[in-house]
Structure formats: C-alpha cells, structure tokens
Amino acid sequence: MKLVIHRGTKEIGGSCVELDTGSTRILLDLGMPLVDEKREPFDSNKLKNKSIAELIHCHILPEVSGLYEGQRRGIDAVFLSHAHQDHYGFLRYINPEIPVYMSPGVRILIEISDIFIPTKVNLRNITTFEMRKPIPMGEFVVTPYLVDHSGFDAAAFLIEGDGKKVFYSGDFRAHGRKKILYEKMIADPPQGVDCLLLEGSMLGRENGQYRDEKAIEERMVSLFKAKENIAFVFCSSQNIDRIVSIYRAVKRSGKLLVIDLYTAYILDKLSTISKHLPQFNWDEIRVKYFRHHADVLASTKQKGLLYKYKESKIEITEINDNKKNIVMLMRDNSIFRACLRNLNNLDGAMAVYSMWEGYVTGKFRDVLAEYQISYEYVHTSGHAVIGDLQGLTRAINPGCVIPIHTFHPQDYPSFFTNVRLAEDGEEIHV
Ligand SMILES: [Zn+2]
C-alpha cells in the first residue's frame, strides 16, 4: 500500500493523507491550513478569485491527481475525521462525483456552517457512516472509531488493504467528556497495525492549568457562584463538550444560560444524535435573537425555527434586569460589542475565555478594558497530552509511528519507538 501525507507532516492544520493500493485510491481529510509557510495565520483571502490550477501551483491546494472539480475522477472516496476546517476546509474544490464519508454529527455541523459561514463547502455527495462498522471501498476496508475530541462525533480510521493496516488517529484526546472512548480503545485496540499516523498537537505545548472538562466545569461553578454581574463565556458553539460543561456549571450555580439562535440551532439539530445535549427549551436556557442570526435563518428553509425557539426568547431588557443571574455565551465579534452598548452598569462583569488563548486579539482586550470587564482564561485542549498519546501507541503497538498534525515531528523519537519521519508529498510504502 502506498501512503502519501500531502500536508501535515510538519504542521497543525491542512491535514490530507492519500492511500493507494494501485487500483483504489482514498483520501483521509482535506483540510485548510491554519498557518502559511512563514507560520503566520493562514489568510483565506488568498483563495479568492483563484482557479484550482492556480491554487495547486502556489502550493495552497495539495497536488492530488484526479481529486478536483474539472479533473477526470481518480479518487474513489474521501473519509472525513471531523468537522474542523483544518480537516475539511478544502473539500469545496473536489470533483462532486467523489463520495465524501463522514459521521452523522459531522454532516450536521458542516451543513450548519454552510448556512452561517459565507465560504461554503457545499458538498454534493455525502455518505454517512456508523462507527465501528467496516466500509468496503474497492480494495480497502475502512473502519471508523468514535474518538473523544472537541469536534463532535469525530472519528479515527483503521484502513485495511493490500494485506496491510494503517491507523489514522485523527484529532483526539483522553480528557474530554467522552474519555471512556479512549479507555475502550486502549483496552481493545485494533490488532496488527503496520503504521500509525499519530497526531501530536500537544508536542511542544504546555498542558495548561485545567486538566480536563470536569476541571473546567468545577472552575466555572465557582466563578459563576461568586460573580456580581453578568458573565460572558467565549466559546465555539460547535465545541459541544464545552457547551455541556458550561451548561452544567450554570445549572449547578443556579444561573440562567443565554445562548444565541446559532447555538440553539446547532443543539437542536444534534438532538437527533444525542438526547443529552442541552436544548433551547430546557429550564436554565434562554435564547437571545440577534438580528444577524435571525436574518440568516429567515433566508433559509429553516425559517419556522424562529417561531419554534420563540418560547425561550429573552429580550435585552430582561437581561439588563437580571444580569447577576445571567451567563451569556459569546464570541468576540460585532454582536458582542453591540450587546455591551445595550447593557447598563457592567460593574463586576466578567469574561470567561474558554477557547485557545491564541485567538485573543488586542482589540478584544481593549474592549474588556473599556467596559472594565474582568478576564479569566478557562480552557483545556481538544488534543491528547503526551502521556495519552504514548498510552494509545503502546496499546496499538504499531510497526511504525508517523507524525502528523504537529509542529514538532522531530520530538517524536523521544516519546515513541519505531518513529518514521515523513515529508509532505513523500511516497511511503507500507
Ligand atoms: Zn485538527
């Protein structure tokens, strides 16, 4: 079996792996990079007004023959590990005849992003899979494994073909709300794996103050209980583990969680997959209608949802009257700044930043300073710490470990045995 990591041997983001038996070719993920060649944040404006050929020419799109729209189809299928842009962002360019396999939760999140984010992926040929159910694909059999990650319904893949086995870890961790999945994998790992493609986001990074989602929840309970005014929690609405941690902390501290329409919509759609996710009509939850989200929903076939969620609608006057009891989910954008202008007396208000701190901008800090809002960072990574990466590797005991999704591949040999360092685009014979 031939294996090519088109991108990801030396960076986090833009993951793309090709496997080829000679007669069947599949791809695992097709992400947008997070950084450019200077390690500066990748600017998606670079994609504007460029043809696929131009994007390949300037090394933005990986050169994979038979993958893209307008080319003769040469790829049998793409398997997507999870709904983060650094794994699926470039799928908008593929030949629409190529089926894209993903979990039902990933499909929902991608379709929601297509509604709310202007740069649509617009997939036309989606097949959803069941975890641990092998998928025959030409000379390959691909088995998805549900993993614990900050991305919902995320998968690792076992790929069997040509008498060889490759295990692609995808992005995962062992300290989220579904850590049981990691324990299950360690207790009963796939056998006879020749090659493990192992993510290493946490190599070269500090573990941080909070070791798991439980610690996040506990810290938020104490913060929410002690607060004297409104708390804004900054978090991605697609980080479902974190939304659950926040919801549980709000409930335990006797407060009210105010979410926006976008978040209400995500949780509503995902209720078909899990009945345990907090919903707009639960006692401790209210929905604030911001104009932008309402306009977006009104422009789709989902218009009726604006009426459905109305029973939980909260107005700004009610928020103003009840600030001490309110925890409001936010993102750092113009909606937040408009919201601040409409609230009176923010003495003792706090901002709880619950996503990677690298996203904090100077402008955001200025806004907090202007309104004298205190800042607290409460976050834990979506990626496995080194000890858990080692635990998985020991359990699988692969013929070789190939670093992927890491800025520190050269550190792998000090933590793992049988490391095989790869280059982007290099052909590896498994
Ligand atoms: Zn990733």
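These numbers come from a predicted model, not from an experiment.

Reading the values: rules and limits
- Starting from 1, residues in each chain are numbered consecutively following that chain's sequence as written.
- Whole-chain, interface and lining totals are the exception, using all residues; otherwise, since this is a predicted model, local features are given only for residues with pLDDT of at least 70 and side-chain atom pairs are given and counted only at 80 or more.
- The basis for every side-chain value is the complete set of heavy atoms in the structure, and neither hydrogens nor water enter the calculation.
- Counting from the N terminus, the helices are DSSP H or I runs at least four residues long and the strands are E runs at least two residues long.
- For this measure, only C-alpha atoms enter the radius of gyration; the expected value for a globule follows 2.2 Å times N^0.38, where N is the number of residues.
- In this scheme, a residue with accessible area under 20% of its type's maximum is buried, one over 50% is exposed, and one in between is partly exposed, where area comes from a 1.4 Å probe on protein chains only.
- Where each domain starts and ends comes from a domain assignment, either automatic or drawn from a database.
- We call two residues contacting when some pair of their heavy atoms lies within 4.5 Å.
- Accessible area, probed at 1.4 Å, shrinks when two parts are joined; the buried area is that loss added up over both.
- Counted as salt bridges are all cases of a side-chain nitrogen of Lys or Arg within 4 Å of a carboxyl oxygen of Asp or Glu.
- Any N or O atom pair separated by 3.5 Å or less is treated as a polar contact, with the protein-specific requirement of one donor-capable and one acceptor-capable atom, and with residues adjacent in sequence counted only for side-chain atom pairs.
- Directions from the helix axis toward the C-beta atoms define the arc.
- Each metal site lists N, O and S donors within 2.8 Å (3.2 Å for Na, K and Ca). With water left out of the atoms, a site can look as if it is missing ligands.
- Axis lines are fitted to C-alpha atoms, over the contacting stretch for helices. Their N-to-C directions set the angle, which ranges from 0 to 180 degrees.
- By definition in this entry, angles of less than 35 degrees are roughly parallel, angles greater than 145 are roughly antiparallel, angles of 65 to 115 are roughly perpendicular, and the rest are oblique.
- Three residue categories are used. Nonpolar comprises Ala, Val, Leu, Ile, Met, Phe, Trp, Tyr, Cys and Pro, charged comprises Asp, Glu, Lys and Arg, and polar comprises the others, including Gly.
- By definition, two strands form a pair when at least two bridges between them are found by DSSP.
- Two rings from Phe, Tyr or Trp (for Trp, the six-membered ring) form a pair when their centres sit within 6.5 Å of each other. Planes less than 30 degrees apart are called stacked, planes more than 60 degrees apart edge-to-face, and all others tilted.
- For a lysine, the NZ atom is tested; for an arginine, the CZ atom; a charge sits over a ring if that atom is within 6 Å of the ring centre and within 35 degrees of the ring normal.
- Here, nonpolar core refers to any group of buried Ala, Val, Leu, Ile, Met, Phe, Trp, Tyr and Cys residues whose side-chain atoms link them within 4.5 Å.

Let us now look at the overall build of the protein. Per the secondary structure count, the protein includes 13 helices and 20 strands. Over its C-alpha trace the protein gives a radius of gyration of 22 Å, about what one expects of a compact globule, namely 22 Å for 430 residues. Seen through its principal axes, the protein has C-alpha atoms that stretch 65 × 45 × 40 Å. A burial count over the protein gives 57% of its 430 residues as buried.

Splitting the protein by domain gives domain 1 (2-205 + 382-429) and domain 2 (213-377). Computed from C-alpha atoms alone, the centre-to-centre distance between domain 1 and domain 2 is 31 Å. Taken residue by residue, the interface counts 19 residues in domain 1 and 21 residues in domain 2. Across the domain 1 to domain 2 interface the summed buried area is about 1700 Å²; carbon plus sulfur atoms make up 65%. A per-residue breakdown of the area domain 1 buries against domain 2 is headed by Phe 116, Phe 152 and Arg 177, which together make up 43% of the total. The interface formed by domain 1 and domain 2 contains four salt bridges. Between domain 1 and domain 2 we count eight residue pairs in polar contact (both at pLDDT 80 or more) in total.

So, about helix H12 (residues 362-370). Buried residues of H12: Phe 364, Val 367 and Leu 368, and no others. Projected down its long axis, H12 carries its buried residues within an arc of 100°, all on one side. Along H12, the residues that are exposed and aim more than 90 degrees away from the buried face are Lys 363, Asp 366, Ala 369 and Glu 370. On its buried side, H12 packs onto strand S12 (231-234), helix H11 (334-342), strand S17 (350-353) and strand S18 (374-377). Immediately beyond the C-terminal end of H12, within one or two residues, lies Gln 372, with a positive phi of roughly 55°.

Before going further, it helps to examine the coordination of the zinc ion. For a metal bound by four donors in tetrahedral geometry, the ideal donor-metal-donor angle is 109.5 degrees, whereas six donors in octahedral geometry ideally sit at 90 or 180 degrees. The protein atoms donating to the zinc ion are Asp 86 (OD), His 87 (NE2), Asp 171 (OD) and His 405 (NE2), with metal-donor distances spanning 2.1 to 2.2 Å. Donor residues for the zinc ion, ordered by position in the chain, follow D-H-x83-D-x233-H. Taken together, the residues Asp 171 in the loop between strand S10 (164-168) and helix H4 (179-187) and His 405 in the loop between strand S19 (400-404) and strand S20 (427-429) connect sequence positions 234 residues apart. Of the two residues, Asp 171 and His 405, neither departs from the other in class, the shared state being buried.

Turning our attention to the packing of H11 against H12. When two helices pack together, their arrangement is given by the angle between the helix axes and the distance between those axes. Here H11 crosses H12 at 10°, and the two axes come no closer than 12 Å. The pairing of H11 with H12 is recorded here as roughly parallel in orientation. Residue-level inspection shows Phe 336, Arg 337 and Leu 340 of H11 in contact with H12, the latter providing Lys 363, Phe 364, Val 367 and Leu 368. Within the contact of H11 with H12, the residues separate by chemical class into five nonpolar, no polar and two charged.

On to the sheet that holds S17, then. Here seven strands make up an open sheet; going across it, the order is S15-S14-S13-S16-S12-S17-S18 and the pairing parallel. Strands with a single pairing partner mark the edges of an open sheet, and in this sheet they are strand S15 (313-314) and S18. With four bridges connecting them, S17 and S18 associate as parallel partners. Of the residues in S18, the one forming a bridge with Ala 351 is Tyr 375. Set on the sheet, helix H5 (residues 213-226) makes contact with S12, strand S16 (326-330), S17 and S18; between it and S17 the angle comes to about 175°. Sheet contacts for helix H7 (residues 261-270): strand S13 (256-260), strand S14 (285-288) and S16; angle to S13, the most-contacted strand, approximately 95°.

This next bit is on the packing of aromatic side chains. Scanning all chains against the criterion turns up 20 aromatic pairs. Ring plane angle 75° and centroid distance 5.2 Å describe the contact between Phe 232 and Phe 336, whose orientation is recorded as edge-to-face. A residue pair is termed long-range when its members are at least 10 positions apart, and Phe 232 in strand S12 and Phe 336 in helix H11 qualify at 104 residues. For Phe 232, a relative accessible area of 0% corresponds to the buried category. Classification of Phe 336 as buried rests on a relative accessible area of 0%. For the ring pair Tyr 412 and Phe 416, a centre distance of 5.3 Å and an interplane angle of 45° mean the geometry is tilted. For the pair Tyr 412 and Phe 416, one class covers both residues: buried. In this structure, Lys 288 packs its charged tip against the face of Phe 290, placed 5.0 Å from the ring centre.

A full pass over the atoms with the stated rule returns 33 salt bridges. Put simply, Asp 20 and Lys 2 hold a salt bridge, and the shortest N to O gap is 3.6 Å. You can see Asp 20 sitting in strand S2 (residues 16-20) and its partner Lys 2 sitting in strand S1 (residues 2-7), a full 18 residues away along the chain. Residue Asp 20 is classed as buried on the basis of its relative accessible area, which comes to 11%. Between Asp 212 and Arg 211 there is a salt bridge, with the nearest N and O atoms lying 3.8 Å from each other. Judged by relative accessible area, Asp 212 falls into the buried class, the value being 8%. Each of Asp 148, Arg 173, Lys 178, Glu 213, Asp 241 and Arg 242 takes part in a single network of salt bridges with overlapping partners.

Of all hydrophobic cores here, the largest spans 77 residues; its most connected members are Leu 30, Leu 67, Phe 90, Leu 91, Met 220 and Phe 224. Here this core spans two domains, since at least three of its residues come from each of domain 1 (2-205 + 382-429) and domain 2 (213-377). For Leu 67, the contacting residues outside a window of four places in its chain are Leu 27, Leu 30, Ile 75, Val 78, Ile 94, Asn 95 and Ile 98. In terms of nonpolar packing, the next biggest core, distinct from the first, is built from 27 residues, Leu 28, Phe 129, Ile 159 and Leu 197 among them.

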